[in-house]
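# Coordinate inspection notes
Each chain, letter by letter, is given below.
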Amino acid sequence: MIDPKEPKYSKSHEWVRYDGDDVVIGISDYAQESLGDLVFVNLPEVDDELTVGEALGDVESVKAVSDIISPVSGKVTEINEALLDSPEMINEDPYDAWFVKVTDVQETEDLLSADEYDEFVKEEEA
Amino acid sequence: MEKKTPLYETHVKYGGKMVPFGGFILPVQYETGIKKEHMAVRTAAGLFDVSHMGEILVSGPDSLKYLNYVLTNDFTDMEDWQARYSPMCNENGGTVDDLIVYKRGDNDYFVVVNAANTEKDYNWMCSHVPEGCDVKLVNDSDNWCQLALQGPKSPEILAKIAAPESIPEVYYTAIFNGKVGDIDCVVSRTGYTGEDGFEIYSAAENAPALWEMILKAGEEFGILPCGLGARDTLRMEAAMPLYGNDMDDTVSPKTAGLGFAVKMDKDDFIGKDALVADQPLARRRVGIKVTGRGIVREHCDVYRDGEVIGHTTSGTFLPYLGGSYAMAIVDSSKREIGAPVQVDVRGRMVDAEQVKLPFYKRSK
């Protein structure tokens, strides 16, 4: 169980947690709440190169499809295959339901702290 | 600027996620989410605000003749209190809208049309009154609210708050002078979910009281307020076409699978010549069941043996069946139940199979 205060956040609503030199990426509670019941997840493959600011995969709710934007550039070492069969895990616990683990991180977009992200969401909602 | 239904404040109070739809602002879902709302309707009951639907009154001595001319179904043998579904066609056989006609009495019909089409339909109907045809048309939409109580527990719920004489027993009939609680209502045994249930019409100002009363009566049965999201997945599972997706001004009702409501043997009606010319049908509707991985939505090309045979018109993940399904319009010659197809989902080919419609049919 991860404390939502721990990871950093992108403005496109992904969370990023450092695990040594590698990073783990998921989507925020606000993101899963806004998307609604998720029914499908598309993930990259192991060894894929991710580029900061580009889609690493997508999630689909009953109503719509949304890209997951990679907050870093780097190489995928692991994907959370459990999400492919059970996308509802993301709705149930978005901080446990990580998407990908990335190594050789080259570049990272400016990430927000949990408090800054809360502020950002409030502004976006207003 | 979108209109608010008489239940706008109620939706906000119940946590509805409000979105624009068909010129109105309506809840796409409540806090429980689309999947739970969908399942509530399949297993217990759900309550929908469908006040955005339009109501057009048809009266005058030539009403029956007029309806038989402007609509594709045949209303000749209709009894009072009956409801009858019908497409409305243009001269090319395309679909202007689909609607429900209620007969309240001789020369007195109540026509319910799709929200976004209310003005279009009213104008179409007014401008297609044949010369010498004595009929009066009134767009009465703003005066009505409509709630849909849907699901297997609906009859038990309604029986708690309405006397038996206010509850229609037969599918596609209505009671026009009914009462729910002490509120005057039209109670119709119809719906858009594939389940048993009722559509209840009343004066717009009664909407909040009616909504609260039905939810309270349904509480012990597990009723949930439901939004447009669940309305869409439920109608798709039951393969009920949605105007604007599955048919439009360029798609004939026969192509869209609505041939049962097009009576080719009656006298002249708008679109008849074009429909006669399109026999056998060049294109037909078919079900698509995704066998690969992916969600197929509308406007995706469908391939068979490497060749485009048509496109999807509606599709998503269907909660009760627990899979990805779509409806498509394809070349009749390539339409074959059981045949494998591929669907182009944003550049990715997803394996699928042609299947019979509806995807879901309730057990009686």
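Given the structure is predicted, the values throughout are model-derived calculations rather than measurements. (Residues numbered from 1 in each chain as written. Chains lettered and ligands numbered in written order. Predicted model: local features only at pLDDT ≥ 70, side-chain atom pairs only at ≥ 80, totals over all residues. Heavy atoms only, no water.)

This paragraph deals with the overall build of chain A. Broken down by element type, chain A carries 4 helices and 9 strands. Along chain A, helices (α) and strands (β) appear in the sequence β-β-β-α-β-β-β-β-β-α-α-β-α when read from the amino end. Here chain A has a C-alpha radius of gyration of 13 Å; the compact-globule value for 126 residues is 14 Å, and the two agree. Based on the C-alpha atoms only, the size of chain A along its principal axes is roughly 35 × 30 × 25 Å. Taking all 126 residues of chain A together, the buried fraction comes to 49%. Across chain A, the fraction of contacts at a sequence separation of at least 24, relative to all contacts at a separation of at least 6, is 61%. Looking at chain A, you have 8 positive and 35 negative side-chain charges, and the mean spots of the two groups are 5 Å apart. (Helix = DSSP H or I, 4+ residues; strand = E, 2+ residues; numbered from the N terminus. Rg over C-alpha atoms; globule rule 2.2 N^0.38 Å. Buried < 20%, exposed > 50% of the residue type's maximum accessible area, 1.4 Å probe, protein only. Contact = heavy atoms within 4.5 Å. Lys, Arg positive; Asp, Glu negative; His and termini not counted. Charge placed at Lys NZ, Arg CZ, Asp CG, Glu CD.)

On to the interface of chain B and chain A. Facing 18 residues of chain B, the contacting portion of chain A comprises 18 residues. Across the interface of chain B and chain A, roughly 1400 Å² is buried in total on both sides, 47% from carbon and sulfur atoms. For the interface between chain B and chain A, the tally reads 4 salt bridges. Here R346 of chain B and D58 of chain A are joined by a salt bridge, their closest N and O atoms 3.4 Å apart. Of all the secondary structure elements, the ones that give two or more residues to the side of chain B that touches chain A are β3 (24-29), α2 (34-43), α7 (228-237) and β17 (307-318) of chain B. (Buried area = accessible area lost by both parts, 1.4 Å probe. Salt bridge = Lys/Arg side-chain N within 4 Å of Asp/Glu carboxyl O.)

Here the focus is the nonpolar core. Core analysis: the biggest nonpolar cluster contains 34 residues, and F48, Y85, Y102, F110, Y201 and M247 of chain B have the highest contact counts within it. The set of elements that each furnish at least two residues to this core consists of β4 (38-42) of chain A together with α2, β6 (83-89), β7 (95-105), β8 (108-113), β10 (144-150), β11 (174-180) and α7 of chain B. Residues lining this core come from more than one domain, with at least three contributed by each of domain 1 (3-46 + 142-237) and domain 2 (280-355) of chain B. (Core = buried A, V, L, I, M, F, W, Y, C linked by side-chain atoms within 4.5 Å. Domains from an automatic or database assignment.)

Scanning the entire structure with this criterion turns up 16 aromatic pairs over all chains. Relative to Y95 of chain A, the ring of Y9 of chain A lies with its centre 6.4 Å away and its plane at 80°, an arrangement referred to as edge-to-face. Residue Y9 of chain A is located in strand β1 (residues 8-9), and its partner Y95 of chain A is located in the loop between α3 (88-92) and β9 (100-108); the two are separated by 86 residues in the primary sequence. Look at Y9 of chain A and you get buried, because its relative accessible area is 2%. Judged by centre distance (5.0 Å) and plane angle (75°), the ring pair of Y171 of chain B and Y172 of chain B falls under edge-to-face. Here the aromatic residues W81, Y102, F110, W144, F176 and Y201 of chain B are joined through ring pairs into a cluster of three or more. Across the ring face of W98 of chain A, the terminal group of K101 of chain A is positioned such that the distance to the ring centre comes to 4.6 Å. If you follow R42 of chain B out to its NZ or CZ, it ends over the ring of Y360 of chain B, 3.9 Å from the centre. (Phe/Tyr/Trp six-rings, centres within 6.5 Å; stacked < 30°, edge-to-face > 60°. Lys NZ or Arg CZ within 6 Å of the ring centre and 35° of its normal.)

On to a negative patch on the surface, then. A cluster of like negative charges, contributed by E45, D47, D48, E49 and D104 of chain A, occupies part of the molecular surface. Mapped onto the secondary structure, D47 of chain A falls in the loop between β4 and β5 (49-50). (Patch = residues over 30% accessible without salt bridge, like charges linked within 9 Å, V, L, I, M, F, W, Y side chains within 5 Å. Areas by Shrake-Rupley, 256 points an atom, 1.4 Å probe, with all protein chains shown as cover.)

This next bit is on the sheet that holds β6 of chain B. All names here are of chain B. Spatially, the 5 strands line up as an open sheet ordered β6-β7-β8-β5-β9, and their pairing is antiparallel. The open sheet has two edge strands with one neighbour each: β6 and β9 (136-139). Strand-to-strand twist of the sheet, defined as the mean angle between neighbouring strand axes without regard to direction, takes the value 25°. The sheet contact formed by β7 and β8 spans 5 bridges and is antiparallel. Looking across to β8, one finds that V101 is bridged to V111. Sheet strands in contact with helix α3 (residues 63-70) are β5 (54-59), β6, β7, β8 and β9, and its direction is about 130° off that of β5. Along the sheet, helix α4 (residues 118-127) contacts β5, β6, β7, β8 and β9; its crossing angle with β9, the most-contacted strand, is approximately 170°. (Pairing = 2+ DSSP bridges. Axes fitted to C-alpha atoms, helices over the stretch in contact; angles between N-to-C directions.)

Moving on, we come to the domain arrangement of chain B. Residues and elements named next belong to chain B. For chain B, the domain assignment lists domain 1 (3-46 + 142-237) and domain 2 (280-355). Spacing between the C-alpha centres of domain 1 and domain 2 amounts to 32 Å. Contact with domain 1, which involves 8 residues of that partner, is made by 9 residues of domain 2. Taken together, both faces of the contact between domain 1 and domain 2 bury some 790 Å²; the carbon and sulfur share is 79%. For the pair domain 1 and domain 2, the interface holds 0 salt bridges.

Okay, the pairing of strand β6 (residues 55-61) of chain A next. All names here are of chain A. Most of β6 is tucked away, with 6 of its 7 residues classed as buried. With 4 bridges connecting them, β4 and β6 associate as antiparallel partners. Looking at β6, one finds that F40 is bridged to E60. When β6 meets strand β7 (residues 65-69), the two strands line up antiparallel, connected through 5 bridges. Bridge pairing in β7 places G57 opposite I68.

All names here are of chain B. Tracing the chain through its elements places H11 in helix α1 (residues 8-13). We classify H11 as buried; its relative accessible area is 0%. Once residues lying within four places of it in the same chain are set aside, the contact partners of H11 are T5, G16, M18, P27, Y30, D49 and W211.

Looking at chain B, the pLDDT average stands at 97 and 100% of residues meet or exceed 70. Overall fold confidence (pTM) sits at 0.93, and the ipTM for the predicted complex is 0.81. (pLDDT = per-residue confidence, 0-100.)

Considering all chains together, one arrives at 25 salt bridges over all chains under this definition. Linking K153 of chain B and E156 of chain B is a salt bridge whose minimum nitrogen-to-oxygen distance equals 3.8 Å. A single salt-bridge network, built from bridges that share partners, covers D58 and E60 of chain A together with R297 and R346 of chain B.

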